[in-house]
Amino acid sequence: MFAIKDINMFFKRLLIAASLLICGAVYASADDSYVLDNGKVYASFAGGDSFRIEKLIMNGKTVATAGSERFWHITCLGPIGENPVWIPQQGKYQGAVASREGNISRLTFVWNLRFDYSGKYYPVRAIVSLPDDADRLFFELEMDLPEGWIVTSTDYPLITCELPEQGKLITTSGWGVEEDLTSANVTAAYPTVSSAMQFVLVHNDEGALYFGTEDSSGSGRYYNVDGNGALHLSMTVPASEGWTSNGTFRLPFAANIGFDPNGWEHAVNTWYKPASYKFTWGGEEMKIANRLETLSQWLLDTFCG
C-alpha cells in the first residue's frame, strides 16, 4: 500500500516532469533533477525538497559538481528600520517552474518567505536561463515584498565551482591584472579602478572560466572570487529603491557564467566585447570620430596627433 504522501509525491513529480518535457532544452532527468541542456551547456539542479546545483558542464568541461545549497542572500529594509538578511534556508522551497520564450529555456526556482505573523508568503524567484545557441548560463533575480519594504543589497548568484589546478585570477584592475588564485577573497568593484569592465576570469592551461554581466546602465556591483577549498564566485549589488515597482524587486541585469577552452582572450573577445558596443558609452555615437566637435582641442592633439 502507498501512503497518501507517497501518492502525492508521485503525482507532483509526474506533473513536474510533464511541464519540463515540453520545454525544449529543459527536462526532468531520471533522478528527478531539473536540467537545462542545449548541447553546449548542461546544468543540473537537484530535485526534491531543497535547492542544489548538481553539475555544470560547459563546452565539454565540468566546472561544478554537487555544490552547496547557498544561491542568494538578500538584504531588506523595513518601514521601521528592520534590516533582515534573507538566505534560502529561511524560506520554504517550492522547487522549479519551467518555461520557454522564443529560443530561451528557463528554470525559475522559488522560495517563499514570511516577513511577519500575517501568514502571507512573499516569493523569491531565482531565474536560470539558457538560450538555444548560448555557451553561457544567465542568472536573474526577483522578489515580492510587503508594503513599505525595499531591497538594499543582493548577493546573487553564489556559485561553487571546481578549483582549477594552478588557476590564475584575472581582473580588469587598471589595465588588467593576473594573480595567483588563493583562499583569500578578492573583490573587484565595478565601476572603479579595481574593475574597469564587467567581468572576472579564472584560467589555467585548460581554458578560462568567465563570470560577468552585460549592464548598459553601469550600476555599481562587486565581483567576489576566492579559492578556499573550492572556487567560490558571487556578485554583490547595492540595490536601488527604484528597482522595486508595485511590490516586486527585480535586479535589472543578469549575471552570466561560461567556460572557454580557447582561453581568456578568446572569452573576452567572444562574450564581453560584442556586448560592450551595446552599452551607452560603447555605441557608434560615442566613437571619437563621431563626436569631434564635443572634444577639447588639447585632447585631440594629445591622443589623435
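As a reminder, the structure under discussion sits directly above these lines.
Remember, it's a predicted structure, so these values are computed and weren't measured experimentally. Per chain, residues are indexed from 1 in the order of the written sequence. Only residues with pLDDT of 70 or above have their local features reported here, since the model is predicted, and side-chain atom pairs are shown and tallied only from 80 upward, although totals for entire chains, interfaces and linings are computed over all residues. Excluded from the side-chain calculation are hydrogens and water; included are all heavy atoms of the structure.

Participant: I'd like a description of the pattern of salt bridges, backed by residues and values.
Facilitator: Put simply, a salt bridge is a Lys or Arg side-chain nitrogen that is within 4 Å of an Asp or Glu carboxyl oxygen. For the structure shown, the criterion picks out 10 salt bridges. Across the salt bridge formed by Lys168 and Asp180, the nearest N and O atoms sit 2.4 Å from each other. Here Lys168 is found in strand E13 (residues 168-171), whereas its partner Asp180 is found in strand E14 (residues 177-180), with 12 residues between them in sequence. One salt bridge connects Arg221 with Asp215, and the closest N-O pair in it is separated by 2.4 Å. Arg221 gets classed as buried once you look at its relative accessible area, which sits at 1%. Beyond isolated ion pairs, a larger network of salt bridges with shared partners links Arg125, Glu142, Asp144 and Arg250. Strands are runs of DSSP state E lasting at least two residues, helices are runs of H or I lasting at least four, and both sets are numbered from the N terminus onward. Here the term buried applies to any residue with accessible area under 20% of the maximum for its type, exposed to any over 50%, and partly exposed to those in between, with areas from a 1.4 Å probe on protein chains only.

Participant: Tell me about the packing of aromatic side chains, residues and numbers included.
Facilitator: The aromatic pairing rule takes the rings of Phe, Tyr and Trp, using the six-membered ring of Trp, and pairs them if the centres are within 6.5 Å, calling planes under 30 degrees apart stacked, those over 60 edge-to-face and the rest tilted. Summed over the entire model, instances satisfying the criterion amount to 21 aromatic pairs. Ring centres of Phe115 and Tyr122 lie 5.5 Å apart, and the angle between their planes is 85 degrees; this geometry places the pair in the edge-to-face category. As far as burial versus exposure is concerned, Phe115 and Tyr122 are alike and both buried. Aromatic side chains Phe199 and Tyr210 sit 5.5 Å apart centroid to centroid with 25 degrees between the ring planes, which places their arrangement in the stacked category. Linking Phe199 in strand E16 (residues 199-204) with Tyr210 in strand E17 (residues 207-213), this pair joins segments that are 11 residues apart in sequence. Taken together, Tyr34, Phe45, Phe51, Phe71, Trp72, Tyr93, Phe109, Trp111, Phe139 and Tyr156 form an aromatic cluster joined through their ring pairs. We call a charge positioned over a ring when the NZ of a Lys or the CZ of an Arg lies within 6 Å of the ring centre and within 35 degrees of the ring normal. Here the guanidinium or amino end of Arg221 rests over the ring plane of Phe253, the centre of that ring lying 4.1 Å away.

Participant: Break down the nonpolar core for me, with residues and values.
Facilitator: What is meant by a nonpolar core is a set of buried Ala, Val, Leu, Ile, Met, Phe, Trp, Tyr and Cys residues, joined one to another through side-chain atoms within 4.5 Å. Formed by 64 residues in total, the largest nonpolar core has its most connected members in Phe45, Phe71, Phe109, Leu137, Met143 and Ile257. Once residues within four sequence positions are removed from consideration, Met143 is found in contact with Ile74, Cys76, Trp86, Leu113, Phe115, Pro123, Val124, Val151, Gly247, Thr248 and Phe249. Residues Tyr210, Val268, Trp271 and Tyr272 belong to the second largest nonpolar core, which totals 11 residues. When checking whether two residues touch, look at their non-hydrogen atoms; a contact exists if any pair is within 4.5 Å.

Participant: Quick one: what's the story with the side chain of Thr172, residue by residue and with numbers?
Facilitator: Assignment of secondary structure puts Thr172 in the loop between E13 and E14. Within the structure, the side chain of Thr172 is placed 3.1 Å from the backbone nitrogen of Ala196, a separation counted as a polar contact. Under this definition, polar contacts are N or O atom pairs within 3.5 Å; protein pairs additionally need one hydrogen-donor-capable and one acceptor-capable atom, and for neighbouring residues in sequence, both atoms have to be side-chain atoms. Within the structure, the side chain of Thr172 is placed 2.9 Å from the backbone nitrogen of Met197, a separation counted as a polar contact. Once residues lying within four places of it in the same chain are set aside, the contact partners of Thr172 are Val193, Ser194, Ser195, Ala196, Met197 and Phe199.

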